[in-house]
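Survey of secondary and tertiary structure
As a plain string of letters, each chain reads:
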Amino acid sequence: MEEAQAVKNAIANELFLSVAAKLASLRGRAETGHYLDWAQREWKWFAIRHDQFGDLVNDGLDAACHNNHRTTWTYNQGVILGGLTVLAKQSDDPKPLQVAQSIALAAISRLTDLDGVLHDPCEPARCGNDATQFKGIFARNLAALNSAAPVPGFRAFLRRNAERSGES
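I will try to describe carefully the structure that is included in this document. (Residues numbered from 1 in each chain as written. Predicted model: local features only at pLDDT ≥ 70, side-chain atom pairs only at ≥ 80, totals over all residues. Heavy atoms only, no water.)

**Re the packing of helix 1 (residues 10–26) against helix 3 (residues 74–91)**
- The N-to-C vectors of helix 1 and helix 3 enclose an angle of 30 degrees; their axes lie 8 Å apart at closest approach. The orientation of helix 1 relative to helix 3 falls into the category roughly parallel. Between helix 1 and helix 3 the crossing geometry is left-handed. Packed against helix 1, whose contacting residues are Ala-10, Ile-11, Glu-14, Leu-15, Leu-17, Ser-18, Ala-21, Lys-22, Ala-24 and Ser-25, the element helix 3 presents Tyr-75, Asn-76, Val-79, Ile-80, Gly-82, Gly-83, Leu-84, Val-86, Leu-87 and Gln-90 at the interface. (Axes fitted to C-alpha atoms, helices over the stretch in contact; angles between N-to-C directions. Helix = DSSP H or I, 4+ residues; strand = E, 2+ residues; numbered from the N terminus. Parallel < 35°, antiparallel > 145°, perpendicular 65-115°, else oblique. Left-handed = near helix turned anticlockwise from the far one by under 90°. Contact = heavy atoms within 4.5 Å.)

As structure tokens, this is what we get:
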């Protein structure tokens, strides 16, 4: 039997960042610093790896913490958008918003069809029922990012995708 390959999934780290930042926003002053510190530490670690990904976040890293060049899912883009949006607000640092906007613009540019509709790589035939949820994660977090730091075109993108969500 082959030895299992060690992989660090991007989503686990993105979710940790998001939860820590969200907890910082929900807790009293004494606990906010603790959670904010964790969120900032996670982002510092993730940002170094993000540079390996380029504009988009793919599914993960190999055992040596290098880009594993696996699938780029829409939910990977969405979760990091949400985490960075909350982190920026809690830390009063605009840099996470700038990175989130860059990821969002890359996702809209590279993960959409010619009509501007968001798709995961397995569509249309090979996706399970969760692909719709993947895109929903992206849309929800893009809306949060756009509320915090509006970018021309985000609102129209969300509207277009909402109108087309029933088509397939």
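**Section: the nonpolar core**
- If you look at the biggest cluster of nonpolar residues, it comprises 34 residues, and the most contacted ones within it are Leu-84 and Leu-142.
- Listed by contribution, the elements that provide at least two residues to this core are helix 1, helix 2 (29–53), helix 3, helix 4 (95–110), helix 5 (131–148) and helix 6 (154–164).
- Broken down by element, the residue count for this core peaks at eight residues, all from helix 4.
- Beyond its immediate stretch of four places on either side in the chain, Leu-84 contacts Leu-17, Trp-43, Pro-96, Val-99, Ala-100 and Ile-103. (Core = buried A, V, L, I, M, F, W, Y, C linked by side-chain atoms within 4.5 Å. Buried < 20%, exposed > 50% of the residue type's maximum accessible area, 1.4 Å probe, protein only.)

**Here's the deal with the packing of aromatic side chains**
- Throughout the structure, instances matching the rule amount to six aromatic pairs.
- Taken together, a centroid distance of 4.5 Å and an interplanar angle of 55 degrees make the contact between Tyr-75 and Phe-134 tilted. Of the two residues, Tyr-75 is situated in helix 3 and Phe-134 in helix 5; the sequence distance between them amounts to 59 residues.
- For Tyr-75, a relative accessible area of 14% translates into the label buried.
- Connected via pairs of aromatic rings, a cluster forms that spans Trp-73, Tyr-75 and Phe-134.
- Between Arg-41 and the ring centre of Trp-38, over which it is positioned, the NZ or CZ distance is 4.1 Å. (Phe/Tyr/Trp six-rings, centres within 6.5 Å; stacked < 30°, edge-to-face > 60°. Lys NZ or Arg CZ within 6 Å of the ring centre and 35° of its normal.)

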